[in-house]
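In case you want the letters, here they are:
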Amino acid sequence: MKKIFVFLLLSIILVSCKSTSTVVNKSESKKENRSIVKNLIETATDNIGVKYKAGGTTKSGFDCSGLVYTTFESENIKLPRSSFEQAKIGKIIPLNDAKKGDLIFFKTNKSKQINHVGLITEVNSNEIKFIHSSTSKGVIISSTKEAYYKNSFEQVNRVIE
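Residues numbered from 1 in each chain as written. Predicted model: local features only at pLDDT ≥ 70, side-chain atom pairs only at ≥ 80, totals over all residues. Heavy atoms only, no water.

**Student:** Can you help me understand the pattern of salt bridges in this one?
**Tutor:** Note that side chains of opposite charge can pair when their charged atoms are close. Applying the stated criterion across every chain yields a total of five salt bridges. Notably, a salt bridge pairs Lys 107 with Glu 154, separated by 3.7 Å at the nearest N-O pair. In this pair, Lys 107 is assigned in the loop between strand S4 (103-106) and strand S5 (116-124) and Glu 154 in strand S8 (residues 153-158), connecting sequence segments 47 residues apart. Glu 154 gets classed as partly exposed once you look at its relative accessible area, which sits at 34%. (Salt bridge = Lys/Arg side-chain N within 4 Å of Asp/Glu carboxyl O. Helix = DSSP H or I, 4+ residues; strand = E, 2+ residues; numbered from the N terminus. Buried < 20%, exposed > 50% of the residue type's maximum accessible area, 1.4 Å probe, protein only.)

Below, the structure is given as structure tokens:
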């Protein structure tokens, strides 16, 4: 009888100590992530026309990874500073699964390792557009249809699910 009483008492205590925190459901989380992606793309595109600057992370000039680093930092998302290190973050996904907000990486000028990054702004059936800082034109939107990027494409990473 004593054991049953203790069991009942413990059961009452455990039930009364139940957490009252709310669980965020998947649709709320996806909605929040869509908002983050929208903000990232707006922040990056606000820099269209800014000149290229090696090591740059400000409106006075960006390099490719500096643009991505600063853009994600605006949403309190910390990324490494170089495109090579940024390529190690998130999940590598197939090119045909890419969506807005994903990072797209390249090995340009016959580089043996990833040396260029952009933020995907638009996905169509046969083309992906991305914003990046090019050495010749500064911050611009380019396309995977362009031979230069088609030939140097390496991978797409999803940082925001």
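Back to the write-up after that little detour.
**Student:** Mind showing me how you'd approach the environment of Gly 61 here?
**Tutor:** When you line up the elements, Gly 61 lands in strand S2 (residues 61-62). Between the C-alpha atom of Gly 61 and that of Val 139, which follows or precedes it by 78 residues, the distance is 8.8 Å.

**Student:** Teacher, can you tell me more about the side chain of Gln 155 here?
**Tutor:** Here Gln 155 is to be found in strand S8. Classification of Gln 155 by relative accessible area gives buried; the value is 13%. Separated by 2.8 Å, the side chains of Gln 155 and Asn 157 make a polar contact. Setting aside residues no more than four positions away along its own chain, Gln 155 makes contact with Ala 87, Ile 92, Leu 103, Ile 104, Phe 105 and Ile 114. (Polar contact = N/O pair within 3.5 Å; in protein donor to acceptor, adjacent residues only side chain to side chain. Contact = heavy atoms within 4.5 Å.)

**Student:** What's the story with the environment of Lys 100 in this structure? I'm lost.
**Tutor:** By secondary structure assignment, the location of Lys 100 is in the loop between strand S3 (91-93) and S4. Distance in space between the C-alpha atoms of Lys 100 and Phe 130 is 8.7 Å, their sequence separation being 30 residues. Setting aside chain neighbours within four positions, we find Lys 100 in contact with Val 37, Ile 41, Ile 120, Thr 121, Glu 122 and Val 123.

**Student:** Is there a simple way to explain the layout of surface pockets in this structure?
**Tutor:** Remark: the empty space left among the atoms is shown by a probe the size of a water molecule rolled over them. Empty space within the largest pocket amounts to approximately 290 Å³. Contributing to the lining of the largest pocket are Lys 30, Asn 33, Arg 34, Val 37, Lys 38, Ile 41, Glu 42, Lys 99, Lys 100, Arg 158, Ile 160 and Glu 161. Split into classes, the residues belonging to the lining of the largest pocket amount to three nonpolar, one polar and eight charged. His 116, Ser 134, Thr 135, Tyr 148 and Tyr 149 are, among the 16 residues lining the second largest pocket, the residues nearest its centre. Going through the elements one at a time, strand S6 (127-134), strand S7 (138-143) and helix H5 (147-152) are the ones with two or more residues in the lining of the second largest pocket. Among the residues forming the lining of the second largest pocket, the class breakdown is five nonpolar, nine polar and two charged. (1 Å grid on protein atoms, 1.4 Å probe; cavity = no way out; pocket = protein on both sides within 12 Å on 5 of 7 lines; lining within 4 Å. Points joined across faces, edges and corners; volume = space filled by probe spheres on them. Nonpolar A, V, L, I, M, F, W, Y, C, P; charged D, E, K, R; others polar.)

**Student:** Would you mind going over unusual backbone geometry with me for this structure?
**Tutor:** Most peptide bonds take the trans configuration, and most residues that are not glycine carry a negative phi. Unusually for a residue other than glycine, Asn 76 sits at a positive phi of about 60 degrees. Its place among the elements puts Asn 76 in the loop between helix H3 (64-73) and helix H4 (83-86). Under the relative-accessibility criterion, Asn 76 is labelled exposed at 67%. One non-glycine residue, Lys 110, adopts positive backbone phi at about 60 degrees. Within the secondary structure, Lys 110 is located in the loop between S4 and S5.

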